[in-house]
Amino acid sequence: MCVQAQIGTAEIVEKGLQKALEVHANDERALVVLAELYQATGDFQKASDTLEKAIKNNDTEPALYTRLGIAQASLGMPVNAERNFRKALELEGNDKPSADFLANVLGETNRGHEIPALFQSLIDLDSQNGAAWVKMAQAYFNLQNPDQGVATFEKALEVVQENLGIKRYYAPVLAQKGDHDRAMDFYEDCLDEAPADPQLNIEYAQTLMAAGRQFEVPKILRDVLNLQIDQNTRANLLAWLLELEQPKRVETVMNAQQKLESEDFQGALRDLRPMKNWLADYWKMWALLASALNRVGDFEEAEETAK
């Protein structure tokens, strides 16, 4: 718990774990937490050595092999990592959580062509494994084989009974292909189940824009702005909303940018200063104003504007 909550120094926590191991030398739990500590402090070699000791005490726990593989991958030992991930896969049930780690190693060692077969093996164990279908489709897209990726998504929709997860990841593909109507149908199905998902709402709004239905977007943006979202996302959504609802004022900012690019700094400032009251939530205006103030040497005001 101290390691996870980052309470105390690494040395104090390590000392406590070493004492636990003196009392229970064959209990792999202390070794696992000690390995976590070493990983948290970036000492992957010690983490690897400690996990190997844990496996000697319990060689049938797949999570130990997975952790060891992660440490070895961090050490730049992909062959060892792959061997341990495959061992973990042998010991795991049908869910096979180590498959993602193995896929990463295959991708990093220029063997991405092996990844679809890896996830196909999971589907062979359980055809209702929607996550495996999605990852196999994404693997084909990463291999620059979009036709096979689309075919995988389509097959998944037919086979997987609870296919909402398939729709979630297929929707942006359809949107990118220009099949906006079907993408919006999928997004709407997903939003019925997760109406407060910020990223889902944003992707839906982007698809509406691409489909020429931008009049529906402001309501979605306002709904997302009422959710708990990070500051950068909030700033960009506010900017998007302003661009939709106050195009004339935003156009003034764009004109000021053109003046700034043509080195008409005073002209840009004349356009931008009145906008401070009208576009106070538009971060792009503040950034442009700060840049213009810098160019005329008004550094103190530029600093305040940037803040």
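In what follows, the accompanying structure is described. (Residues numbered from 1 in each chain as written. Predicted model: local features only at pLDDT ≥ 70, side-chain atom pairs only at ≥ 80, totals over all residues. Heavy atoms only, no water.)

**Here we look at the packing of helix α14 (residues 217–225) against helix α15 (residues 231–245)**
Angle between the axes and distance between the axes: these two values describe a pair of packed helices. Interhelical geometry of α14 versus α15 gives an angle of 155° and a closest axis separation of 10 Å. With respect to α15, the axis of α14 lies roughly antiparallel. The interaxial crossing formed by α14 with α15 has left-handed handedness. Counted together, V217, P218, L221, R222, V224 and L225 of α14 and R234, L237, L238, W240, L241, L244 and E245 of α15 form the full contact between these two elements. Its residues placed into classes, the contact of α14 with α15 shows 10 nonpolar, no polar and 3 charged. (Axes fitted to C-alpha atoms, helices over the stretch in contact; angles between N-to-C directions. Helix = DSSP H or I, 4+ residues; strand = E, 2+ residues; numbered from the N terminus. Parallel < 35°, antiparallel > 145°, perpendicular 65-115°, else oblique. Left-handed = near helix turned anticlockwise from the far one by under 90°. Contact = heavy atoms within 4.5 Å. Nonpolar A, V, L, I, M, F, W, Y, C, P; charged D, E, K, R; others polar.)

**So, the pattern of salt bridges**
Using the criterion set out here, one finds 18 salt bridges in the structure. Its salt-bridge partner being R213, residue E216 comes within 2.6 Å of it at the nearest N-O pair. You can call E216 partly exposed: its relative accessible area is 25%. Take R213: its relative accessible area is 27%, and that puts it in the partly exposed class. (Salt bridge = Lys/Arg side-chain N within 4 Å of Asp/Glu carboxyl O. Buried < 20%, exposed > 50% of the residue type's maximum accessible area, 1.4 Å probe, protein only.)

**So, the environment of D147**
Among the structural elements, D147 can be located in helix α10 (residues 146–159). As a C-alpha pair, D147 and P274 span 127 residues in sequence and 52 Å in three-dimensional space.

**Focus on the layout of surface pockets**
Put simply, the largest pocket is a space of about 210 Å³. Every residue lining the largest pocket is listed: Q231, N232, A235, N236, L238, A280, D281, Y282, W283 and W286. Tallying contributions element by element places α15 first for the lining of the largest pocket, with 5 residues. Among the residues making up the lining of the largest pocket, the classes are represented as 6 nonpolar, 3 polar and 1 charged. Looking at the second largest pocket, its volume works out to about 150 Å³. Looking at the second largest pocket, the residues that line it are G107, G112, I115, F119, K135, Q138, A139, N142 and L143. Of all elements in the fold, only α8 (115–125) and α9 (130–142) reach the threshold of two or more residues within the lining of the second largest pocket. Looking at which element gives the most residues to the lining of the second largest pocket, the answer is α9, with 4 residues. When the residues that make up the lining of the second largest pocket are grouped by side-chain class, the tally is 4 nonpolar, 4 polar and 1 charged. (1 Å grid on protein atoms, 1.4 Å probe; cavity = no way out; pocket = protein on both sides within 12 Å on 5 of 7 lines; lining within 4 Å. Points joined across faces, edges and corners; volume = space filled by probe spheres on them.)

**What to know about the side chain of Q72**
By the element assignment, Q72 lies in helix α5 (residues 62–74). Taking the relative accessible area as the measure of exposure, Q72 reaches 2% and is therefore buried. Those residues within four positions of Q72 in sequence are excluded, and the remaining contacts are S48, E52, M77, N80, A81 and N84.

**A few points about unusual backbone geometry**
One non-glycine residue with positive phi stands out, namely Q144, at about 60°. Looking at where Q144 falls in the secondary structure, it is placed in the loop between α9 and α10. The exposure class assigned to Q144 is exposed, which follows from its relative accessible area of 66%. For E263, which is not a glycine, the phi torsion comes out positive at approximately 65°.

**Observations regarding helix α4 (residues 44–57)**
Here α4 contains 14 residues, and its C-alpha end-to-end distance of 20 Å stays within 8% of the 20 Å for a straight helix at 1.5 Å per residue. Restricting attention to buried positions, one finds in α4 the residues A47, S48, T50, L51, A54 and I55. For α4, the angular spread of buried residues about the axis comes to 170°, placing them on one side. Counted as exposed and oriented over 90 degrees from the buried face of α4: K53 and K56. Taken together, the buried residues of α4 touch α3 (28–40) and α5. (Expected span 1.5 Å × (residues − 1). Arc of directions from axis to C-beta.)

**Notes on the packing of aromatic side chains**
When we look at a pair of aromatic rings, we describe it by the centre distance and by the angle of the planes. Counted under the stated rule, the structure contains 5 aromatic pairs. Aromatic side chains F85 and F101 sit 5.7 Å apart centroid to centroid with 20° between the ring planes, which places their arrangement in the stacked category. Taken as a pair, F85 in helix α6 (residues 78–91) and F101 in helix α7 (residues 99–108) lie far apart in primary sequence, 16 residues in all. Centroid distance F153 to Y170: 4.7 Å. Interplanar angle 10°. Geometry classified as stacked. Residue F153 is found in helix α10, and its partner Y170 is found in helix α11 (residues 164–177); the two are separated by 17 residues along the sequence. There is no split in this pair, since F153 and Y170 are both buried. Members of the aromatic cluster, each reached through a chain of ring pairs, are F141, F153, Y170 and F186. Positioned above the aromatic ring of Y169 is the side chain of R168, whose terminal nitrogen or guanidinium carbon lies 5.8 Å from the ring centre. (Phe/Tyr/Trp six-rings, centres within 6.5 Å; stacked < 30°, edge-to-face > 60°. Lys NZ or Arg CZ within 6 Å of the ring centre and 35° of its normal.)

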